[in-house]
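Listed below are the residues making up each chain.
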Amino acid sequence: MLKFNKHIIQNGETLDSIAAIYELPVDDLKFFHNNHCEVKDQILIQIRHQKELFIPRIAVEDKKRLVKFSHGNQIDFRPQNSSLSYGVIIKIENGEKQNELKYSTSVRWLKSENKLHYFEIDRISNLFINDEEVNEMADLLAYKTSKVLYPLTVSVDEQGKLNDIENVFEFKTRWNAVKDEVNKEYEGEVVDLYCQKIEAILNEQDALFVYFKNDFFLRTLFFGIYLKFNQNNQTEISAEFPLIKNAKEPEYRLKVEIDPVKDEYDLVNISAEGILNEKRTVSDLINEAPFPMLADEQMKINQQGKCRLQYYLNGETMLAESLYLECDINLEKWKKISVVITVLND
């Protein structure tokens, strides 16, 4: 991200007049410029041959372009009364195999209580796999039986991170109607076994939470990027993402940065980048070990994976307009998940 802006010097402008435009002390402006320009362009007393001035990133004429931070240089999560629809694209790469899922979903704020925000998540489109509407029996069964889960109510903490599933008790009530619909369209041993599998999950609350923890859309939208930043508009976090089937998800160490100035589309830009930070070896992860199998003295940090995020928040509401997440990990073959979420305009 940009660390500075540039002011193109106009005829007649002086150091004092430029400092007045940006409401900066003259000495601060000169000091900042001299620390960023080439030696030949440094200012001793007044502007001479210089064609442009380096100015601080937050030095803008229109103060409305500045991102609003709260106490402690934090961005606040304020989703009250929001109702948005998103288009979702999820690409899963496992070695040479690739699959892409597309669908649309709605996200509606319900209430705030005990430092948590509650949202209703609902599907508003059919599911497409590799640009084709689902038509294979297994895919259709998965899609139709998943209707029991929606609308879904989730709770999210003040940093915008997924906390829990809040309407599990409703799923069993919905199941009979969904099961009847499935049985009208399909029959046979495969269908019966699939329905038994769904019923087993519905009867086990922990299994349901694991199921939703692996939902790439929920985990990307509610990643938890409403953070406190330092004076350089940066922070570091540890974050997990469900790339693999494991009770303990792979952990990444990420450097997060926010641009303190909104872009030309009035969006707040937040980016994050980092690498895998795992004590478990590749073999541990392949074998679904929840902890490292080697003794501490033999242990080396496994960094065979990367994670990158780009978030664009509405400059007024600070809610997500567009998001991109990409995580990969080495499991002998590389596995990579890419998630694109974009707000749908009415």
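Please refer to the structure placed before this passage.
### So, empty space enclosed by the protein
Under the defined criterion, the tally for this structure stands at two cavities of 30 Å³ or more. When its volume is computed, the largest cavity comes out at roughly 170 Å³. Forming the boundary of the largest cavity are 18 residues, of which F77, Y86, L221, F222 and L319 lie nearest the centre. Those elements that provide at least two residues to the lining of the largest cavity are strand 3 (83-94) and strand 13 (305-314). In this structure, the second largest cavity is lined by V67, K68, R78, K262, G315, E316 and M318.

### A few points about the layout of surface pockets
Counted as a void, the largest pocket has a volume near 1,300 Å³. L101, R123, A142, Y211 and N214 are the residues nearest the centre of the largest pocket, which is lined by 39 residues in total. Sorting the residues of the lining of the largest pocket by element identifies strand 3, strand 4 (97-113), strand 5 (116-123), helix 3 (137-145), helix 5 (189-202), helix 6 (205-213), helix 7 (216-221) and strand 15 (333-343) as the ones contributing at least two each. Of all the elements, helix 5 adds the most residues to the lining of the largest pocket, at five residues. Among the residues forming the lining of the largest pocket, the class breakdown is 27 nonpolar, six polar and six charged.

### So, the packing of aromatic side chains
A complete count under the given rule lists seven aromatic pairs for this structure. Ring centres 6.3 Å apart and planes at 40° place the aromatic pair F171 and F212 in the tilted group. Here F212 lies in helix 6 and F171 lies in helix 4 (residues 168-185), a separation of 41 residues in the sequence. Each member of the pair F171 and F212 is classed as buried. Grouping aromatic residues by their ring pairs yields a cluster made of F77, F119, F222 and Y226. The residue whose ring lies beneath K111 is Y118, and the NZ or CZ to ring-centre distance is 4.9 Å. For K306, the ring lying beneath its charged end belongs to W334, and the centroid distance is 5.6 Å.

### Describing the side chain of Q74
With respect to the helices and strands, the residue Q74 is situated in the loop between strand 2 (52-56) and strand 3. Excluding residues within four positions of it along the chain, Q74 makes contact with F69, Y226, L227 and K228.

### Some remarks on the environment of A207
On the secondary structure map, A207 appears in helix 6. Distance in space between the C-alpha atoms of A207 and V88 is 24 Å, their sequence separation being 119 residues.

### Topic: the packing of helix 4 against helix 5
In contact at an axis separation of 11 Å, helix 4 and helix 5 are set at 175° when each is read in the N-to-C sense. By the angle between their axes, helix 4 is roughly antiparallel relative to helix 5. Across the interface between the two elements, F171, K172, W175, K179, V182 and N183 of helix 4 pack against V191, C195, I198, E199 and L202 of helix 5. Here the contact of helix 4 with helix 5 is composed, by residue class, of seven nonpolar, one polar and three charged.

### Brief notes about the pattern of salt bridges
This model, assessed by the stated rule, comprises 20 salt bridges. Here E120 ties to R108 by a salt bridge, and the two come within 3.5 Å at their closest N and O atoms. Of this pair, E120 sits in strand 5 while R108 sits in strand 4; the two residues are twelve residues apart in sequence, bridging distant segments of the chain. Judged by relative accessible area, which is 21%, E120 ranks as partly exposed.

### A word on the nonpolar core
Within soluble globular proteins, side chains that are nonpolar generally end up buried alongside one another. Ranked by size, the top nonpolar core spans 74 residues in total, and within it I121, F171, F217, F222 and F223 carry the most contacts. Sort the elements by how many residues they give to this core and strand 14 (residues 320-331) lands first, with six residues. Leave out the neighbours within four places in its chain, and I121 touches T105, S106, V107, Y150, P151, L152, V154, F217, L218 and F222. Counting residues in each nonpolar core, the second largest holds eleven residues, with I18, Y22, I43 and I47 among its members.

### A closer look at unusual backbone geometry
Across the chain, the bulk of peptide bonds are trans and the bulk of non-glycine residues have phi less than zero. Following Y150, the chain continues to P151 via a peptide bond in cis, the omega torsion being 0°. Note on placement: P151 falls in the loop between helix 3 and strand 8 (152-156). For N73, which is not a glycine, the phi torsion comes out positive at approximately 60°. Tracing the backbone through its elements, the reader meets N73 in the loop between strand 2 and strand 3. Classification of N73 by relative accessible area gives partly exposed; the value is 23%. Phi is positive for N114, which is not a glycine, with a value near 50°. Taking the relative accessible area as the measure of exposure, N114 reaches 68% and is therefore exposed.

Each value, and the rule that gives it
- Residues numbered from 1 in each chain as written.
- Predicted model: local features only at pLDDT ≥ 70, side-chain atom pairs only at ≥ 80, totals over all residues.
- Heavy atoms only, no water.
- 1 Å grid on protein atoms, 1.4 Å probe; cavity = no way out; pocket = protein on both sides within 12 Å on 5 of 7 lines; lining within 4 Å.
- Points joined across faces, edges and corners; volume = space filled by probe spheres on them.
- Helix = DSSP H or I, 4+ residues; strand = E, 2+ residues; numbered from the N terminus.
- Nonpolar A, V, L, I, M, F, W, Y, C, P; charged D, E, K, R; others polar.
- Phe/Tyr/Trp six-rings, centres within 6.5 Å; stacked < 30°, edge-to-face > 60°.
- Buried < 20%, exposed > 50% of the residue type's maximum accessible area, 1.4 Å probe, protein only.
- Lys NZ or Arg CZ within 6 Å of the ring centre and 35° of its normal.
- Contact = heavy atoms within 4.5 Å.
- Axes fitted to C-alpha atoms, helices over the stretch in contact; angles between N-to-C directions.
- Parallel < 35°, antiparallel > 145°, perpendicular 65-115°, else oblique.
- Salt bridge = Lys/Arg side-chain N within 4 Å of Asp/Glu carboxyl O.
- Core = buried A, V, L, I, M, F, W, Y, C linked by side-chain atoms within 4.5 Å.

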